[in-house]
Amino acid sequence: MNYSLGIDVGSSYIKMALIDYRDGDSVIVDIVNEKIRKRNPTQVIEQLEQEIFDRHNLKYEDLIYVASTGEGELVRRKRGHFYSMTTHARGAYHFHPEARTVVDLGALFSRAITLEQGARVRSYAMTGQCASGSGQFLENITRYLGVTLDEVGTLSMQSTDPSRTSGICAVLAETDVINMVAQGIPTPDIIKGIHLSIAGRILKLLSKLRVESPVILTGGMAMDKGLVAAIQEEQSKKNMALEIYPSEHPMTAGAIGAALWGGFRHFKLAEKAA
Amino acid sequence: MAEQHMTTEQYTAAIEKARALFEDLSYSYAKEWKEQDPSRRVIGYLPIYIPREIIHAMGMLPVGIFGAGDRMSIVKGDAFFQSYICHIPRTVIEMALNGNMDHFDGFLFPSICDVIRNLSGIFRLKFPDKFIRYFDLPQNFDRKVGGEFYRKEIERLIEGLKALNGHELTTEELNASIEIYNYNRRLVNELSDLRSDFPHKISAVDFYLVLRAGGTMTVEEHNQYLEEILRLAREVDADPEDKIRVVVSGAFCEQPPLGLIKTIENAGCYVVEDDMQLGMKWIKTDIPSDTDDPVSALIEAYLDHSEFSSAVYEADNPKGEQLKQQVIDRRADGVLFCAPSFCDPALLDRPILEQAMDAYHIRHFGFQYHENLGQFHVIKEQAGTFADMIKLWE
């Protein structure tokens, strides 16, 4: 029994992945993601941990490595921490060994990461402090529009005449949206406009790096098929000739990557000690 | 289990004591100390090194002035310094003009750089009734040149302090002070070793606060405090984490905010050696405390047993070699060059030190800060990827 647990503490969700190293192979045996809402993140982490332990009849001491990523300081019991870029790269690579570039579409930041062989990070770029390219911004907008995050993708795909918002500033973009609602612009066109603005920011991020195809999308926003379509559409317009698609389990890619690097590190340390 | 819980609580309470002193920009400890006896005098000193033994032997309290960090808004300070000057002199003058240091009788400005020298001039103009001294530490380590120069500087300091309380310094008094500070240095070294051996038992922030308390308390109380911290930290039951071990270099004068030190640790790095508050560790050995000429003992300690620093010119510049030795001694995985923006000494030395680290195949990366920095995201990214790189691919 060689279990490694990865805990990705985001600003909106806690994600966890349990990996079992069997016969030289790594098998994902559990994946969890839970919205924090207005709870204490550390308590949510401990509750989720306990649920996983109960499901697999484990205790903390049985794990070969507990790795945090994201806001790791909120994880009280762990063996190590890996940075988000490293873990998202590893998580995407696990499902897509063909990956040359990974884009983590997170709640507060987006990061573009180019890979070398074996999920090693070659270079990266991330959005600045402006929130208008983030999942949190999209979530705020859905509240103004009275729709749920689950509906966003489908609505965006129904758009016939997208209405673009400011791609620079979340405050201006939110004002744009309020004006659009007042003007009676259909919700699908507003959402598609927002998706295109976010897509524009992501492509700018990619243009900062020597990006190679395929580009794998991770993070919560990679589950938004409207945004994925907008990114594909915008890159096609710009003739970037990139193959871009979401990772399997995009939301938990960071947690999976953390668990995998944790396992790797455990065996590396054991080898050093031997 | 209950005993362990109690130790952890005691340890936390002890650290909180140092944190309270750190947070107190009114220097209340010095004020209360002075109020107990009208003959007492308080002498503030700036980074890096001052022979505190002399101030102590004169019956005075040496108090470290390390800036106000991120705990004070600058209103007046910016009027004295251009935008391309580091941050620490702004908060120091701001505190002084706001009356935070009215109970200080004098201020010593060691020769770190031109900015601190100019700050001494500003103090002289703004506070003509206080004892203000630019304390010129020698840059020449030849006994006949730097040694003699330093002797005159120390004699001038003793005369200046004597004018404040009329005390005639005796050999016995200075020897006794040297002995007390020797013990302080031994305890600080012991704590440094403990942190390097068990960095999970005393965090970089805790270590910083404990040392910083030494710039506020009497040395006698700090010695007791260090003994207590050493005892408690040894007993604290904490699990080590899988982090890299780093030496932090370049933060000897303007101090990084606590949030930055915490960020480095949270990003996956154990700080096993650093040059923050370097003056507390400046003399690396015991100073003889039974001689007929304790001033000479202080001079020789400075000339022969000083810590290396960018504030000191060394003709053949062995600093790269000394930094490498620190890395080896502390079994560090790499070096974080962490210097304040516009700090000429640190930033001018950085390329030399980086080249030296490259030559020795020691991993490193560098960034800049200012004492009131509030956003650590970029530094967290850099330190985090640096730690990952070493853990996963070295």
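Our structure's up above, just so we're on the same page.
The structure contained in this document is the topic of the report that follows.

Cut-offs applied
Residues numbered from 1 in each chain as written. Chains lettered and ligands numbered in written order. Predicted model: local features only at pLDDT ≥ 70, side-chain atom pairs only at ≥ 80, totals over all residues. Heavy atoms only, no water. Helix = DSSP H or I, 4+ residues; strand = E, 2+ residues; numbered from the N terminus. Rg over C-alpha atoms; globule rule 2.2 N^0.38 Å. Buried < 20%, exposed > 50% of the residue type's maximum accessible area, 1.4 Å probe, protein only. Contact = heavy atoms within 4.5 Å. Areas by Shrake-Rupley, 256 points an atom, 1.4 Å probe, with all protein chains shown as cover. Lys, Arg positive; Asp, Glu negative; His and termini not counted. Charge placed at Lys NZ, Arg CZ, Asp CG, Glu CD. Pairing = 2+ DSSP bridges. Axes fitted to C-alpha atoms, helices over the stretch in contact; angles between N-to-C directions. Salt bridge = Lys/Arg side-chain N within 4 Å of Asp/Glu carboxyl O.

As for the overall build of chain B
(1) Moving on: Check the secondary structure of chain B and you find 14 helices and eight strands.
(2) Moving on: The C-alpha radius of gyration of chain B comes to 21 Å, within 12% of the 21 Å expected for a compact globule of 394 residues.
(3) Moving on: Once the C-alpha set of chain B is aligned to its principal axes, its extents read approximately 65 × 50 × 45 Å.
(4) Moving on: Taking all 394 residues of chain B together, the buried fraction comes to 60%.
(5) Moving on: Restricting the contact set of chain B to residue pairs at least 6 apart, pairs at least 24 apart contribute 75%.
(6) Moving on: Summed over all atoms, the accessible surface of chain B reaches about 15,700 Å², with 50% contributed by carbon and sulfur.
(7) Moving on: A gap of 3 Å separates the mean positions of the 41 positive and 64 negative side-chain charges of chain B.

Re the sheet that holds strand β6 (residues 269-274) of chain B
Residue and element names in this part refer to chain B.
(1) Moving on: Read across the sheet, four strands follow the order β6-β5-β7-β8 without closing on themselves; strand pairing throughout is parallel. The open sheet is flanked by β6 and β8 (363-369), the only strands paired with a single partner. Each strand axis lies, on average, 30° off the axis of its neighbour in the sheet, ignoring direction.
(2) Moving on: Packed onto the sheet, helix α12 (residues 319-329) meets β5 (244-249), β6 and β7 (334-340) and runs at close to 150° relative to β5.

Some words on the pattern of salt bridges
If the charged atoms of two oppositely charged side chains come close together, the side chains can form a pair.
(1) Moving on: According to the stated counting rule, one finds 43 salt bridges over all chains in the structure shown.
(2) Moving on: Between R22 of chain A and D20 of chain A there is a salt bridge, with the nearest N and O atoms lying 2.6 Å from each other.
(3) Moving on: A residue is classified by how much of its surface remains accessible, and D20 of chain A, at 5% relative accessible area, is buried.
(4) Moving on: The closest approach of N and O atoms between R156 of chain B and E153 of chain B, which form a salt bridge, is 3.5 Å. Taken together, the residues R156 of chain B and E153 of chain B, both in helix α6 (residues 143-165) and three residues apart, mark about one turn of the helix.

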